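Coordinate inspection notes
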Amino acid sequence: MVAPNPYQILQISADATAAEVKQAYRRLAKQFHPDSQNNTASHEQIVALNAAYEVLSDPERRQSYDRQREDRRNRRVDRTAAAQDIYNRDHRDRQRHTGELSRWLQRIYAPVDRIITQIISPLNDQIDDLAADPFDDELMDNFLLYIEDCRAALEQAQTLFRSQPNPPQAAATATHLYYCLNHLGDGLLELEWFTSNYDHNYLHTGQEFFRIARHFRQEAAGRLPL
């Protein structure tokens, strides 16, 4: 609880002279004295006036009070300065993290996501084309070329993804992106095995890996920090 300010109670400034202190006390005492005929008479106000006057009319007590008041003011200033420092640090940290996140999204996430799309999107059409005749050399060569292009693109995406640590705010997005890339790699390996032995189990497994990779890509996008 904040102690009453005797200067405010006597309605004077902190540099008031002893004579001004006494003058203010007398003026207010007349106004609030219970025996007066004023409608402002107040026992509580008289008690407060007397207490304030006891402090300010005694040079030693007034000096002690002024020192305490100055100490409290200095502590408030220090607390305010400390709070401002904390705010400034937090603000700088938020700006730095925001900048790191923005750079990561532009330089890592966006291009990696585009590469993933380039790998996943043509798969169904490639399989449909090959299904016309899996033993046709030209169709199989086209399918192998697609896998080779995907391998190169995936390597590019993985290198780019590892080139810069993800900011903490994007940890969930980065995790799902990592799983997406891994499943694409597993899917391409299954598709390559199919081209070697024509076992459709490998083809179906490759498609399933791509489906899971597509799910992780969607999860990564859904976890993007706002």
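Residues numbered from 1 in each chain as written. Predicted model: local features only at pLDDT ≥ 70, side-chain atom pairs only at ≥ 80, totals over all residues. Heavy atoms only, no water.

**So, the packing of aromatic side chains**
Applying the stated criterion to the full structure yields 9 aromatic pairs. Plain terms: the ring middles of Phe 135 and Tyr 198 are 4.6 Å apart, the flat faces sit at 25° to each other, and that makes the pair stacked. In this pair, Phe 135 sits in the loop between α5 (123-131) and α6 (137-162) while Tyr 198 sits in the loop between α7 (171-197) and α8 (200-222), placing the two residues 63 residues apart along the sequence. A connected cluster of aromatic rings, assembled from ring pairs, spans Phe 135, Phe 194 and Tyr 198. (Phe/Tyr/Trp six-rings, centres within 6.5 Å; stacked < 30°, edge-to-face > 60°. Helix = DSSP H or I, 4+ residues; strand = E, 2+ residues; numbered from the N terminus.)

**Some words on the pattern of salt bridges**
The final tally for this structure, using the stated rule, is 5 salt bridges. Between Arg 151 and Glu 192 there is a salt bridge, with its nearest N and O atoms 3.4 Å apart. You can see Arg 151 sitting in helix α6 and its partner Glu 192 sitting in helix α7, a full 41 residues away along the chain. Among the residues examined, Arg 151 registers a relative accessible area of 29% and is labelled partly exposed. (Salt bridge = Lys/Arg side-chain N within 4 Å of Asp/Glu carboxyl O. Buried < 20%, exposed > 50% of the residue type's maximum accessible area, 1.4 Å probe, protein only.)

**Focus: helix α2 (residues 18-32)**
In this model α2 runs 21 Å from its N-terminal to its C-terminal C-alpha over 15 residues, within 8% of the 21 Å that 1.5 Å per residue would give. By the burial criterion, the buried members of α2 are Val 21, Ala 24, Tyr 25, Leu 28, Ala 29 and Phe 32. For α2, the angular spread of the buried residues around the axis is 130°, confining them to a single face. Relative to its buried face, α2 has exposed residues pointing more than 90 degrees away, namely Ala 19, Gln 23, Arg 26 and Lys 30. (Expected span 1.5 Å × (residues − 1). Arc of directions from axis to C-beta.)

**With respect to the packing of α2 against helix α3 (residues 43-56)**
At their nearest, the axes of α2 and α3 sit 10 Å apart, and the two run at 170° to each other. As judged from the angle between their axes, α2 and α3 are roughly antiparallel. Along its contact with α2, which presents Val 21, Lys 22, Tyr 25, Leu 28, Ala 29 and Phe 32, the element α3 presents Gln 45, Ile 46, Leu 49, Asn 50, Tyr 53 and Leu 56. The residue makeup of the contact of α2 with α3, split by class, is 9 nonpolar, 2 polar and 1 charged. (Axes fitted to C-alpha atoms, helices over the stretch in contact; angles between N-to-C directions. Parallel < 35°, antiparallel > 145°, perpendicular 65-115°, else oblique. Contact = heavy atoms within 4.5 Å. Nonpolar A, V, L, I, M, F, W, Y, C, P; charged D, E, K, R; others polar.)

**Observations regarding unusual backbone geometry**
You will see that Gln 11, though not glycine, has its phi angle at about 60°, which is positive. Looking at the element boundaries, Gln 11 is found in the loop between α1 (6-10) and α2. Located in the positive-phi region is Tyr 198, a residue other than glycine, with phi close to 60°.

**Thoughts on a positive patch on the surface**
On the surface, Arg 72, Arg 75, Arg 76 and Arg 79 cluster together to form a positively charged patch. Position of Arg 79 relative to the elements: it lies in helix α4 (residues 59-120). (Patch = residues over 30% accessible without salt bridge, like charges linked within 9 Å, V, L, I, M, F, W, Y side chains within 5 Å. Areas by Shrake-Rupley, 256 points an atom, 1.4 Å probe, with all protein chains shown as cover. Lys, Arg positive; Asp, Glu negative; His and termini not counted. Charge placed at Lys NZ, Arg CZ, Asp CG, Glu CD.)

**Quick word on the environment of Thr 205**
Take Thr 205: it is sitting in helix α8. Sequence separation of Thr 205 and Leu 189 is 16 residues, and the distance between their C-alpha atoms is 9.8 Å.

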